[in-house]
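Examination of the molecular architecture
Chain residues, written in single-letter form:
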Amino acid sequence: MTNNWIDISNSDLVFVMGGNPAENHPCGFKWAIKAREKRGAKIICVDPRFNRTAAVADIFVQIRPGTDIAFLGGLINYVLQNEKYQKEYVRLHTTAPFIVREDFGFKDGLFTGYDPKSREYDTTTWDYEFGPDGYPKMDPEMKHPRCVLNILKKHYSRYTPEVVAKICGCTKEEFLRVAEEVAKCGSPTKNMTILYALGWTHHSYGTQLIRTACILQLLLGNIGVAGGGINALRGHANVQGMTDLAGQNKNLPTYIKPPKPEEQTLAQHLRNRTPRKLHPTSMNYWANYPKFFISFLKCMWGDAATPENDFAYDYLYKPEGGYNSWDKFIDDMYKGKIEGMVTAALNFLNNTPNAKKTVRALKNLKWMVVLDPFMIETAQFWKAEGMDPSEVKTEILVLPTATFLEKEGSMTNSARWIKWKYKATDPPGEAKDEFWIFGRFFMKIKELYEKEGGAFPDPILNLVWPYKNPYYPTAEEILTEINGYYTRDVDGHRKGERVRLFTDLRDDGSTACGGWLYSGVFPPEGNLAKRTDLSDPLGLGTYPNYAWNWPANRRVLYNRASCDEKGRPWDPSRPLLRWDPEKGRWVGDTPDTAATAPPEKGIGAFIMLPEGRGRLFAARSYATFKDGPLPEHYEPYESPVTNILHPNVPHNPVAKVYKADIDLLGTPDKFPYVATTYRLTEHYHFWTKHIYGTSHLAPVMFVEIPEELAKEKGIRNGDMVRVVTARASIEAVALVTKRIRPLKVAGKTVYTIGIPIHWGFEGLVKGAIANFITPNVWDPNSRTPEFKGFLANIEKVRA
């Protein structure tokens, strides 16, 4: 989230798309209702289903799964063509005035630089035009035909209300009703918040979809302001924390980058990863990357990390392409390239697309360790349909773990609030928490390296493991490392003293820090995640002394953008931040700028970016998108219709598509209906099916079928049906519904089938694994799978 849950109540318009918070985030969604009560806010829901959020929305529009970029692109076009954007905000706080290279272009679904053989872009032309001073050229009046604002106007001019209706399946009138409400939020005193979840990320262009929303909000002036923002609704209490601390290995902790194979020295890595500023007033805070990176190396290897050995840079794994994602792990396991796997806090089998392939991949392992509180499908994958247990040679070790109630530590919510939780009870039986398990894992592995040596034992033998009980580290000991500390006496600080904030980090080896963004959560005065002070000095629900908010306890990111050129709030009724000339500093929320820098100094509001401004165009080298500097509508890889914008390039041309013998894709002649997956409030992902309670309110797997389709197929409510894709089939109970209307798209009727995901062959309530039928297609940037739009057929099995 750029903002936070409570801040939703400061909104004038709550725009929900790509999520269903009334169902999946019911506690958080109360703030949308508060916005309605407090500010008269309207709630808009755009979704393939009339869901529980739609039931309480002021406006609902049904669209075809996978057409979100077309709808948002239409909103951008409407705002630009009708000049509803907040002009002064756009001029001051975005890259709209920057001029783009003359040889950049877009034609027939492709940006310049595409290589059809490699299915990759050469991004050379995706850049600004530079002046003799080394900075991008700019047109403050934003009249130059190649300034970013006019590039946007040209690109999205194709997304007319008529085109949006043809692609999405809604009516022109429905779209315009939404567009009119959204456009009102280009006023400085009327703010919109956007709420999204997995309905946006689970596409082969999910990252670009979210960027489309960012562009819209920047144009409206709704980034950095109270009641605005782009707010990702995390599905689990600590998913944000998992992402921050590199639960996925695309990044090292707190978004520093793993080295690539070609970066053989620390100097090469730092040179490639440390950006130069692109505007004189940019703080370009990532210029501090060497401090963050070297402090991380010191946290990992301590005294063994010295200037003479590049701070143990050689110890770091350098995977091909910069990182390996779980999609590649599955493919490598399927091909027999991986011998073993440890999986923790994840039902790997149920979570992966084309899970039929995953089952066969797991069969190729020699061993697997599963950490989970329950006996999950991953630990017993040989029970899956079509498997012969006698053919499985994998040795499986299951370690029962504690649930979140049975251990203490911090949790980071969607709003980036780091809050301490306390242990409620001991885990049952032989179950242990992960501190206990991984403490023993490491000590045993270290013992083996000490006894037996190895090809390269140094990273293990020299790893910093400073815990009082090395076999059982405590949560606060680990948080100390994450926060950071001094490695030697320096400038009045003693060795071992915790740093106060990431501004204390250095690149000379005198500081160690496990995650720079979390630096400040545990300063010398104590663990700030334990704070419970509910004072609210701004009256905006910021609660600055409750828990701790990364970065720097800042409650709303980019909050300098909430003020004009002179430091005055755009909306004086919601003063998140303002310049106080008497105090000579910014007051309000922790400022996302230099605290004592006067507004006339002109420091850019987007301090992490080299431009110092909100990025409307993702220029090469400064952004890492693989599929274009601007979002574009592409059809899902399985689609019932062609792409009317560019029929010859219907799909994301650089999406990751696997092509093993089992990675099959369907066509509409055989699989004529659209399918999408979703979640229910009665279930908590794949977890609560193992316990008594709300799972028994939805004990049977079902699929939602439009009434009209059910009538054509002779299916009645409660019948058992089979949903078939090119990959597999599943059986479920039919729920015949009015909630998913048939849509008219490209002159044909398109039906959508809704598939909840929560069941499996283990647990107190059982059902088919939905992901046996989803496609093995992935977003090239985030490497998330395309769960939210694919082709299927359906047939009645029995009444």
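Predicted model, so just to flag it, every value in this text is computed and none were measured.

Remarks on the sheet that holds strand β11 (residues 367-372)
Taken in spatial order, the 3 strands line up as β10-β11-β12 in an open sheet, and their pairing is parallel. Whereas interior strands pair on both sides, the edge strands pair on one side only; in this sheet they are β10 (340-344) and β12 (395-400). Each adjacent strand pair in this sheet contributes to an overall mean axis angle of 10°, direction not counted. As defined by bridge partners, β11 adjoins β12 across 6 bridges and the pair is classed as parallel.

Here we look at helix α2 (residues 26-39)
Every α-helix winds through 3.6 residues per turn, so residues three or four apart in the chain are directed the same way. Spanning 14 residues, α2 covers 20 Å between terminal C-alpha atoms, matching the ideal 20 Å at 1.5 Å per step. Those residues of α2 not exposed but buried are G28, F29, A32 and A35. Taken down its axis, α2 places every buried residue within 110° of arc, on the same side. Exposed positions of α2 whose direction lies more than 90 degrees from the buried face are C27 and E37. In the core, the buried residues of α2 are packed alongside β1 (13-17), α1 (21-24), β2 (42-47) and α3 (52-55). The first or second residue beyond α2 is G40, which carries a positive phi of 70°.

What about the sheet that holds strand β9 (residues 230-232)?
Within the open sheet, the 5 strands sit side by side as β3-β2-β1-β8-β9. Their pairing is parallel. Looking along the sheet, the strands with just one partner apiece sit at the ends: β3 (59-62) and β9. Pairwise comparison of adjacent strand axes, ignoring direction, gives a mean angle of 15° for this sheet. Taken strand by strand, α2 contacts β1 and β2, and its axis lies near 135° from that of β2. Sheet contacts for helix α4 (residues 68-81): β1, β2 and β3; angle to β1, the most-contacted strand, approximately 150°.

Overview of the packing of helix α12 (residues 266-273) against helix α13 (residues 289-301)
Between α12 and α13, the shortest axis-to-axis distance is 10 Å and the interhelical angle comes to 140°. Regarding the angle of α12 to α13, the classification is oblique. As α12 packs across α13, the resulting crossing turns out to be right-handed. Where α12 approaches α13, its residues L266, H269, L270 and R273 are matched on the opposing element by Y289, P290, F293, I294 and L297. Looking at the contact of α12 with α13 residue by residue, the classes come out as 7 nonpolar, 1 polar and 1 charged.

Looking at the packing of aromatic side chains
Applying the stated criterion across every chain yields a total of 39 aromatic pairs. With a centroid separation of 6.3 Å and an interplanar angle of 50°, the aromatic rings of Y89 and W570 are classed as tilted. You can see Y89 sitting in helix α5 (residues 87-93) and its partner W570 sitting in the loop between β17 (548-549) and β18 (577-580), a full 481 residues away along the chain. Seen from their ring centres, F111 and Y121 are 6.3 Å apart, and the 65° between their planes marks the pair as edge-to-face.

Observations concerning the side chain of E263
Structurally, E263 is set in the loop between α11 (239-244) and α12. Overall, the relative accessible area of 2% leaves E263 in the buried class. What E263 contacts, discounting residues up to four positions off in sequence, is Q268, H269, N272, R273, Y313 and K318.

Section: the pairing of strand β22 (residues 702-706)
Within β22, 5 of the 5 residues are buried, leaving the element largely enclosed by the surrounding structure. Along β22, one buried face is formed by F702, E704 and P706 and the opposite face, lined by V703 and I705, is buried too. As paired elements, β22 and strand β24 (residues 729-737) share 5 bridges and run parallel to each other. Residue pairing across strands places P706 opposite T737, the latter belonging to β24.

Some words on the domain arrangement of the chain
You can read the domains of the chain as domain 1 (6-94 + 153-235) and domain 2 (656-798). Put simply, the middle of domain 1 and the middle of domain 2, counted by C-alpha atoms, are 26 Å apart. On the side of domain 2, 30 residues touch domain 1, which itself brings 27 residues to the contact. The contact between domain 1 and domain 2 buries some 2300 Å² in all, and 50% of this surface belongs to carbon and sulfur atoms. The largest contributions to the domain 1 side of the interface with domain 2 come from R49, Q62 and H202, which together make up 28% of the buried area. Run the count over domain 1 and domain 2 and you get 3 salt bridges. R52 serves as the salt-bridge partner of E682, at 3.1 Å between the closest nitrogen and oxygen. Across the contact surface, domain 1 and domain 2 share 12 residue pairs in polar contact (both at pLDDT 80 or more).

Quick notes on unusual backbone geometry
Cis geometry is adopted by the peptide bond preceding P551, which originates at W550 and carries an omega value of -5°. Residue placement: P551 occurs in the loop between β17 and β18.

Overview of the pairing of strand β21 (residues 673-678)
For β21, the tally of buried residues reaches 6 of 6 residues, placing the bulk of the element in the interior. Taking every second residue as pointing to the same face, both faces of β21 are buried, with Y673, A675 and T677 on one and V674, T676 and Y678 on the other. In this sheet, strand β29 (residues 790-798) lies alongside β21 in antiparallel orientation, the contact comprising 3 bridges. In the sheet register, Y673 faces β29, and the bridge partner there is A792. Of the strand pairs in this sheet, β21 and strand β27 (residues 752-756) are connected by 5 bridges, and their pairing is parallel. Within β27, the residue paired with T677 across the bridge is I755.

Thoughts on the side chain of T676
Locating T676 in the fold gives a position in strand β21. Judged by its relative accessible area of 6%, T676 falls in the buried class.

A few points about the nonpolar core
If you look at the biggest cluster of nonpolar residues, it comprises 77 residues, and the most contacted ones within it are F15, F71, L75, L216 and L219. The dominant element in this core, judged by the number of residues it contributes, is α4, at 9 residues. Contacts of L75, omitting those with residues within four sequence positions, involve F15, F175, V178, A179, V182 and L216. By size, the runner-up hydrophobic cluster in this structure holds 54 residues, among which are F348, M368, A379 and A734.

Section: the pattern of salt bridges
For the coordinates displayed, the defined rule picks out 48 salt bridges. A salt bridge links K796 to D719; its shortest N-O distance comes to 3.3 Å. Separated by 77 residues along the polypeptide, K796 in strand β29 and D719 in the loop between α20 (707-713) and β23 (720-724) bring together distant segments of the chain. Taken together, the shared-partner salt bridges connect D12, R39, D571 and R574 into one network.

Considerations on the packing of helix α14 (residues 326-334) against helix α16 (residues 355-363)
Taken N-terminus to C-terminus, the directions of α14 and α16 make an angle of 55°; their axes are 7 Å apart at the nearest point. Considered as vectors, α14 and α16 are oriented oblique to each other. Regarding α14 and α16, the two cross each other, and that crossing is left-handed. Within the contact between the two elements, α14 uses I330, D331, M333 and Y334 and α16 uses K357, T358, R360, A361 and L362. Taken together, the residues of the contact of α14 with α16 break down into 5 nonpolar, 1 polar and 3 charged.

Concerning a nonpolar patch on the surface
Where nonpolar side chains cluster on the molecular surface, the patch consists of V342, W367 and F438 and spans about 260 Å² of accessible area. Here V342 shows up in strand β10.

Here we look at α13
The first and last C-alpha atoms of α13 sit 18 Å apart over 13 residues, in line with the 18 Å expected at 1.5 Å per residue. Counting buried positions over the 13 residues of α13 gives 11, a clear majority of the element. Those residues of α13 that sit buried are Y289, P290, F292, F293, I294, S295, F296, L297, K298, C299 and W301. Looking at the buried residues of α13, the elements they touch are α12, α18 (458-461), α19 (475-483) and β16 (511-512).

Thresholds, definitions, all that
Residues numbered from 1 in each chain as written. Predicted model: local features only at pLDDT ≥ 70, side-chain atom pairs only at ≥ 80, totals over all residues. Heavy atoms only, no water. Pairing = 2+ DSSP bridges. Helix = DSSP H or I, 4+ residues; strand = E, 2+ residues; numbered from the N terminus. Axes fitted to C-alpha atoms, helices over the stretch in contact; angles between N-to-C directions. Expected span 1.5 Å × (residues − 1). Buried < 20%, exposed > 50% of the residue type's maximum accessible area, 1.4 Å probe, protein only. Arc of directions from axis to C-beta. Contact = heavy atoms within 4.5 Å. Parallel < 35°, antiparallel > 145°, perpendicular 65-115°, else oblique. Left-handed = near helix turned anticlockwise from the far one by under 90°. Nonpolar A, V, L, I, M, F, W, Y, C, P; charged D, E, K, R; others polar. Phe/Tyr/Trp six-rings, centres within 6.5 Å; stacked < 30°, edge-to-face > 60°. Domains from an automatic or database assignment. Buried area = accessible area lost by both parts, 1.4 Å probe. Salt bridge = Lys/Arg side-chain N within 4 Å of Asp/Glu carboxyl O. Polar contact = N/O pair within 3.5 Å; in protein donor to acceptor, adjacent residues only side chain to side chain. Core = buried A, V, L, I, M, F, W, Y, C linked by side-chain atoms within 4.5 Å. Patch = residues over 30% accessible without salt bridge, like charges linked within 9 Å, V, L, I, M, F, W, Y side chains within 5 Å. Areas by Shrake-Rupley, 256 points an atom, 1.4 Å probe, with all protein chains shown as cover.

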